[in-house]
Amino acid sequence: MTRDVVALVGAEPDVGAVVAGMVAAGSGWRVQGVADGAALRLCDEDGQAVVTIETPVLVEVAGELTRLLGPEVGEVEAPVWWVEARGDEFRDGSEVVALRFAARLVERLGGVVWTGDPEYVRRAT
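The structure contained in this document is the topic of the report that follows.

Parameters and conventions
- Position numbers for residues start from 1 in each chain and track the written sequence from start to end.
- This being a predicted model, a pLDDT of at least 70 is required before a residue's local features are given, and a value of 80 or more before pairs of side-chain atoms are given or counted; all residues contribute to the totals for chains, interfaces and linings.
- Only heavy atoms go into the side-chain values, all of them from the structure, while hydrogens and water stay out.
- The buried label goes to any residue with under 20% of its type's maximum accessible area, the exposed label to any with over 50%, and the partly exposed label to all in between, with areas taken from a 1.4 Å probe on protein chains only.
- Runs of H or I in DSSP of at least four residues are treated as helices and runs of E of at least two as strands, each being numbered from the N terminus.
- In what follows, residue pairs with any heavy atoms lying within 4.5 Å of each other are defined as contacts.
- Any Lys or Arg side-chain nitrogen located within 4 Å of an Asp or Glu carboxyl oxygen qualifies as a salt bridge.

A few words on helix α1 (residues 15–25). Among all positions in α1, only Ala17, Val18, Ala20, Gly21, Met22 and Ala25 are buried. Packed against the buried residues of α1 are β2 (30–34), β3 (39–43), β4 (49–54) and α3 (94–109). Note on α1: the residue one or two positions beyond its end, Gly26, has a positive phi of about 135 degrees.

This paragraph deals with the pattern of salt bridges. For the structure shown, the criterion picks out 3 salt bridges. A salt bridge links Glu64 to Arg67; the shortest N-O distance between them is 2.8 Å. With Glu64 and Arg67 both in helix α2 (residues 62–69), this residue pair falls 3 residues apart, about one helical turn. Of the charged contacts, one joins Arg104 and Glu107 as a salt bridge, the two residues approaching to 3.6 Å between their closest N and O atoms.

This is the structure we're talking about:
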């Protein structure tokens, strides 16, 4: 099972925001394109995946957010950009790396971070 973290942001993530998120995720990661550019992977020095960052997807219907993620994101207004960062289930700390990435995106673009824990929904301040 992967460790999913979703950033729901109000503006389309540009290259600068994605790079800032990757920098916030930690130093020393290597970046690898996968799926013909549909995703990026942050890898360790041995080339092993730590976090996979999916291409942002525009969600235009607020009800979809509640249906997919639960009622704790019900206050998020559509349209929003869904940016998913999946930590490798076999890597200790991968969820923290994914969370740092998502938190930086939300900090720059506004929105919320969803982790799958109903007690944790981080909103931009």
